[in-house]
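Residue-level structural notes
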Amino acid sequence: MADQGLSFERRVSRRQVLKTIGGGALMLGSADLLAACGGIKGSSTTSSGTIVIGYVSPQTGALAGFASGDNYVLDQVRATSTYKNGFKLGSKTYDVKIVVKDTQSSPDRASQVARDLILTDKADLILTSSTPETTNPVADACEANGIPCVSTIVPWEAWFFARGGKPGTSFNFTTMFFFGMQQFGECFIPMWDRMNTNKVVAFTYPNDADGNAFRDNKTGLEFYSAQAGYHNIDGGSYTDGTQDYSSMIANFKSKGATLFTNAPIPPDFNTMWKQAAQAGFKPKLATVAKVLLFPADTEAIGDLVNNVATDAWWTPYHPYTSTLTGQTCKQFADSFESATGKQWVQSIGSVHSLFEIAHKAFTAVDDPHNHTAVAAQLKSMNYTGISGPLDFTTGPVPGVAIQKPVGVQWKKGTKFPYSMVVVDNSANKNVPLNGDLVPTNP
Amino acid sequence: MRVTRSRRSALWGIVGALVVVVALATLPYVVYADVTDLLVNAFILVVLASMWNLLAGYCGLISVGQQAYVGVGAYTVLVLAQNGINAYVAIPAALLVSAAVAVPVSFLVFRLRAEYFAIGTWVVAEVFFLALVRVRSLGGGTGTALPGLALIDPVLRQAVTYWSALAVAGAALLATYLLLRSRMGLDLTAIRDNELAARSVGVRVTSAQRAVYVVSAAGCGAAGALLIISQLNVLASAIFSVQWSAKMIFIALIGGLGSIEGPILGTGIFIAIQQSLAQLGAWYLILLGSLAVGIAMFLPKGIWGLISSRLHLQVFPVGYWLHRQDSPSPLAGEPLSSGSRDFPRGQGRGGGS
């Protein structure tokens, strides 16, 4: 399988390639022509006084909910004195330009805009967020072109293994922070434990990068669940966009499942959860992943969302402060709500942290256009910001920083129809509880 | 009366095409990789739109399932690369495998007509997708990276990718051109104008359509191979996405259906819009949709149809021109003036039927 970009070896120089690869010679017909390749122009090099940061997220399409808070965060970051006045590296100050690209929720477009940022905008660093369909093509383009990249809001297994990563290795230019299956387990299983059930869990995972990461019986949530003594009923590897879940639901009912968990794309949960309600499948507790992360998802489902539990890696209740603005999580969420008139979304914390990291990495190097040096800073990053402590050196693989999510439930709110309430902090005791864990279906 | 292929010497056309190809081939030495990367995307789209145009514009076969062969091409490259074969060398293999797959599929989908054919081809593409996501070694639904290319120096890889894309686009256009100038081209024009009439005068409709279907699949397979090479990864849901059909249809429609030049022009327009307006988010998509509707309603022959009917311009002459004997010279300027009349005949412009 792929060993793409995973080697610890020095990147092979053009000259070496020209001299050695026979396949290339065969392909191009003659060695003379290959020797002439010395004149190929690559991407133009920049030594300008501007640092270019690319940001890629799904602002339109099926995944647009993930990026719903992006505009506010970007405006706020651009307005901070750090970004407005430029980064000070030693005695020199560099202007900072942030170039934003939309993937239209398409992996092909994500790859294309990443290459655009690298080749046309001469990005010195690319930040990307939300789902493997966004982050993986972007990170692959960065790794292949030697451009530093930080990803977030993607389970690390779906980011690392799906890109051809192997245990014991790491990528050279691409890093990420979020969490993985073990943390999902640490977040969900304590809530299941508190429910006093028959320990039969219904699993519904699609056949996509996220779903397959959850399903893996050695590294996935299925493994951690079985280890904790739960009996897993796997609904089968369905395709994203499936419209009929009745046989899956019937299977869960007949096996007596009392707990429910999944990792679907948001529209699919909408369909599945409504069909489950119609079929009378009423698990005592539903802990969902990848959906109901944002208020927009809850509006689509209506009252069926009441007391459905999910994971939260960032809330206004987290006791952390921004390294850029000095705001606490609460102040940040309040300023978001007052500026946009919309309910806070947890992605704003992660996106804000991407720009905290960018600032830290660039101000720790001498030359911001030295991509290897910036990438080295990213891989050795260890700091505490609005997402809490992020340590890229001690993760499951180098270059991956792990967050600790807390268990939350959607409950009827006062200011907005439904609000996210922290009901279980087993995985991160720093976050205070502000509600009780209540069965989804009593 | 005299009949010629074009109003100019065909030799000039060949010389012109060669000059363009040679000029494009030297680009990696002249411009930076941002331009060549954009052109790789453009070449892929030109190939896809040309292949769709061949089906719809000349054969009256409206397919929304050509992404099946985009996927087959991409996965052929992946399988070969996983077995240690250079991905660039695998491009011709992707072309052949796609063509080979298309032969049995054609027997299946050709049992359907018109709208049923369109939906049938889409179903075939979905079946290919559903089958491939079950194969764990090819990344399943998770997707996987294309091995072997990431360690090559980015500058060299970018250039070779560009040359490969140029070669595929050139070959696709040349194949289309030669096909349409052949005897089969005449058959296809007859089928496009009236299938029943063509059948009644002895045109072997089904075999001509099958040949075009297979050529179109081969072209889409080569485009799929270029896609995986330029992106270095493949995700089944993306490569088998019906979005590819939407792009092919859009480009062929705005450029001009039933002409070789149309998809090239359409690609240029599409890329220009994408580069300048994609940041508008949802408005960009609304704009693309409105443009397609507007062109379909008011310019059914597309923008190239407008240009060529006004200027009597042809880059790839595949039709026949009738010259009246009283014409002083076949190279004379405007038709319908000074007694010189050139009638375009069957040059393959203008909608499905």
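Residues numbered from 1 in each chain as written. Chains lettered and ligands numbered in written order. Predicted model: local features only at pLDDT ≥ 70, side-chain atom pairs only at ≥ 80, totals over all residues. Heavy atoms only, no water.

1. Focus: the overall build of chain B
Scanning chain B from N- to C-terminus turns up 15 helices and five strands. Within chain B, buried positions represent 55% of all 353 residues. Here chain B has roughly 14600 Å² of accessible surface; of this, 70% comes from carbon and sulfur atoms. (Helix = DSSP H or I, 4+ residues; strand = E, 2+ residues; numbered from the N terminus. Buried < 20%, exposed > 50% of the residue type's maximum accessible area, 1.4 Å probe, protein only. Areas by Shrake-Rupley, 256 points an atom, 1.4 Å probe, with all protein chains shown as cover.)

2. Structural notes on the overall build of chain A
Looking only at helices and strands, one finds 17 helices and 16 strands in chain A. Relative to a compact globule of 442 residues, whose C-alpha radius of gyration would be 22 Å, chain A shows 23 Å and is just as compact. Over its C-alpha atoms, taken along the principal directions, chain A stretches across nearly 75 × 50 × 35 Å. Here chain A contributes 36 positive and 37 negative side-chain charges, whose respective centroids are spaced 2 Å apart. (Rg over C-alpha atoms; globule rule 2.2 N^0.38 Å. Lys, Arg positive; Asp, Glu negative; His and termini not counted. Charge placed at Lys NZ, Arg CZ, Asp CG, Glu CD.)

3. Examining the domain arrangement of chain A
Residues and elements named next belong to chain A. Assigned domains of chain A: these are domain 1 (33–179 + 318–402) and domain 2 (182–312 + 406–424). For domain 1 versus domain 2, the distance between C-alpha centres works out to 30 Å. Of the residues lining the interface, 19 residues belong to domain 1; the matching set on domain 2 comes to 21 residues. Summed over both partners, the interface of domain 1 with domain 2 buries about 1900 Å², with 68% contributed by carbon and sulfur atoms. The largest per-residue losses of area from domain 1 upon contact with domain 2 belong to Phe179, Gln343 and Gln346, which jointly make up 33% of the total buried on that side. Taken together, the links from domain 1 to domain 2 amount to one salt bridge. (Domains from an automatic or database assignment. Contact = heavy atoms within 4.5 Å. Buried area = accessible area lost by both parts, 1.4 Å probe. Salt bridge = Lys/Arg side-chain N within 4 Å of Asp/Glu carboxyl O.)

4. A word on the packing of helix H12 (residues 243–255) of chain B against helix H13 (residues 261–277) of chain B
Residues and elements named next belong to chain B. Contact pair H12 / H13: the axes reach a minimum separation of 7 Å and the direction vectors enclose 110°. Accordingly, the angle class assigned to the pair H12 and H13 is roughly perpendicular. Only Gly262, Pro263, Leu265, Gly266, Thr267, Ile269 and Phe270 of H13 make contact with H12, whose side of the interface consists of Lys247, Phe250, Ile251, Ile254 and Gly255. Here the contact of H12 with H13 is built from residues that sort into seven nonpolar, four polar and one charged. (Axes fitted to C-alpha atoms, helices over the stretch in contact; angles between N-to-C directions. Parallel < 35°, antiparallel > 145°, perpendicular 65-115°, else oblique. Nonpolar A, V, L, I, M, F, W, Y, C, P; charged D, E, K, R; others polar.)

5. Considering the pattern of salt bridges
One pass over the full model with this rule turns up 13 salt bridges over all chains. For Lys415 of chain A, the salt bridge identified is with Glu337 of chain A, shortest N-O distance 2.7 Å. Of this pair, Lys415 of chain A sits in the loop between strand S15 (406–412) and strand S16 (418–424) while Glu337 of chain A sits in helix H15 (residues 329–340); the two residues are 78 residues apart in sequence, bridging distant segments of the chain. Residue Lys415 of chain A is classed as exposed on the basis of its relative accessible area, which comes to 62%. Residues Arg113 of chain B and Glu195 of chain B are paired through a salt bridge, measuring 3.2 Å at the closest nitrogen-oxygen approach. With Arg113 of chain B in the loop between helix H5 (90–109) and helix H6 (114–132) and Glu195 of chain B in helix H9 (residues 195–200), the pair connects residues that are 82 residues apart, well separated along the chain. Since its relative accessible area comes to 22%, Glu195 of chain B is described here as partly exposed. It is possible to trace a salt-bridge network through shared partners that takes in Asp208, Asp210 and Lys290 of chain A.

6. What about the confidence of the model for chain B?
Residue and element names in this part refer to chain B. Looking at chain B, the pLDDT average stands at 84 and 86% of residues meet or exceed 70. Confidence drops under a pLDDT of 50 for residues 327–353, and excluding neighbours within four residues, the segment shows 59 contacts in the predicted structure. Confidence estimates for the predicted assembly give a pTM of 0.83 and an ipTM of 0.76. (pLDDT = per-residue confidence, 0-100.)

7. Some points on the pairing of strand S11 (residues 309–312) of chain A
All names here are of chain A. The alternating pattern of S11 places Ala309 and Asp311 and Thr310 and Ala312 on opposite faces, both of which are buried. Note that strand S10 (residues 285–288) and S11 share two bridges and pair parallel. Looking at S11, one finds that Val288 is bridged to Thr310. As for the winding sense of the linkage, the β-α-β connection from S10 through helix H14 (residues 295–301) to S11 is right-handed. Alignment of S11 against S15, held across four bridges, turns out to be antiparallel. Bridge pairing in S15 places Ala309 opposite Gln409. (Pairing = 2+ DSSP bridges. Right-handed = clockwise from strand over helix to strand, strands pointing away.)

8. Section: the interface of chain A and chain B
Taken together, the contact between chain A and chain B spans 53 residues of the former and 53 residues of the latter. Between chain A and chain B the total buried area reaches about 4600 Å² when both faces are included, carbon and sulfur atoms providing 55% of it. Applying the counting criterion to the chain A and chain B interface returns one salt bridge. A salt bridge links Asp37 of chain B to Arg115 of chain A; the shortest N-O distance between them is 2.8 Å. Inspection of the region where chain A meets chain B yields nine residue pairs in polar contact (both at pLDDT 80 or more). The element best represented in the side of chain A that touches chain B is helix H6 (residues 107–119) of chain A, accounting for eight residues. Class assignment for the residues of the side of chain A that touches chain B results in 18 nonpolar, 20 polar and 15 charged. (Polar contact = N/O pair within 3.5 Å; in protein donor to acceptor, adjacent residues only side chain to side chain.)

9. What about the side chain of Ser170 of chain A?
All names here are of chain A. Here Ser170 lies in the loop between helix H8 (156–160) and strand S6 (174–178). What makes Ser170 buried here is its relative accessible area of 1%. There is a polar contact of 2.9 Å between the side chain of Ser170 and the side chain of Lys379.

10. Describing the side chain of Thr82 of chain A
Assignment of secondary structure puts Thr82 of chain A in helix H5 (residues 81–84). When residues no more than four places from it in sequence are discounted, the contact partners of Thr82 of chain A are Phe87, Leu324 and His359 of chain A.

11. Some points on the pairing of strand S5 (residues 149–152) of chain A
Residues and elements named next belong to chain A. Every second residue of S5 is oriented toward a common face, with Cys149 and Ser151 on one face and Val150 and Thr152 on the other, all of them buried. Direction of pairing for strand S4 (residues 125–129) relative to S5: parallel, over a ladder of four bridges. Paired with Ile126 across the bridge in S5 is Cys149. In the classification by handedness, the crossover that spans S4, the intervening helix H7 (residues 132–145) and the parallel S5 is right-handed. Sheet topology places S5 next to S6; four bridges connect them, and they run parallel. Counted as the bridge partner of Cys149 is Thr174 from S6.

12. Structural notes on the sheet that holds S11 of chain A
Residues and elements named next belong to chain A. The seven strands are arranged S8-S7-S9-S10-S11-S15-S16 in an open sheet whose pairing can be described as mixed. A strand with exactly one partner marks an edge of an open sheet, and here the two such strands are strand S8 (231–234) and S16. Neighbour-to-neighbour, the strand axes of this sheet turn through a mean angle of 30°, independent of strand direction. As paired elements, S15 and S16 share six bridges and run antiparallel to each other.

13. Describing the sheet that holds strand S3 (residues 92–102) of chain A
In sheet architecture, strand pairing relies on hydrogen bonds along the backbone and comes in two forms, parallel and antiparallel. Residues and elements named next belong to chain A. In spatial order, the strands read S2-S3-S1-S4-S5-S6-S14; together these seven strands make up an open sheet with mixed pairing. Only two strands of the sheet have a single neighbouring strand rather than two, namely strand S2 (87–89) and strand S14 (400–402). Here the average twist between neighbouring strands, direction ignored, is 20°. Here helix H16 (residues 347–362) sits on the sheet and contacts strand S1 (50–57), S2, S3, S4, S5 and S6; the angle it forms with S4, its principal contact strand, is near 160°.

14. What to know about unusual backbone geometry
In most cases, non-glycine residues show a negative phi, while peptide bonds are predominantly trans. Residues and elements named next belong to chain A. With phi around 70°, Thr131 is a residue other than glycine that occupies positive phi space. For Thr131, the position within the fold is in the loop between S4 and H7. Owing to a relative accessible area of 2%, Thr131 belongs among the buried residues under this scheme.

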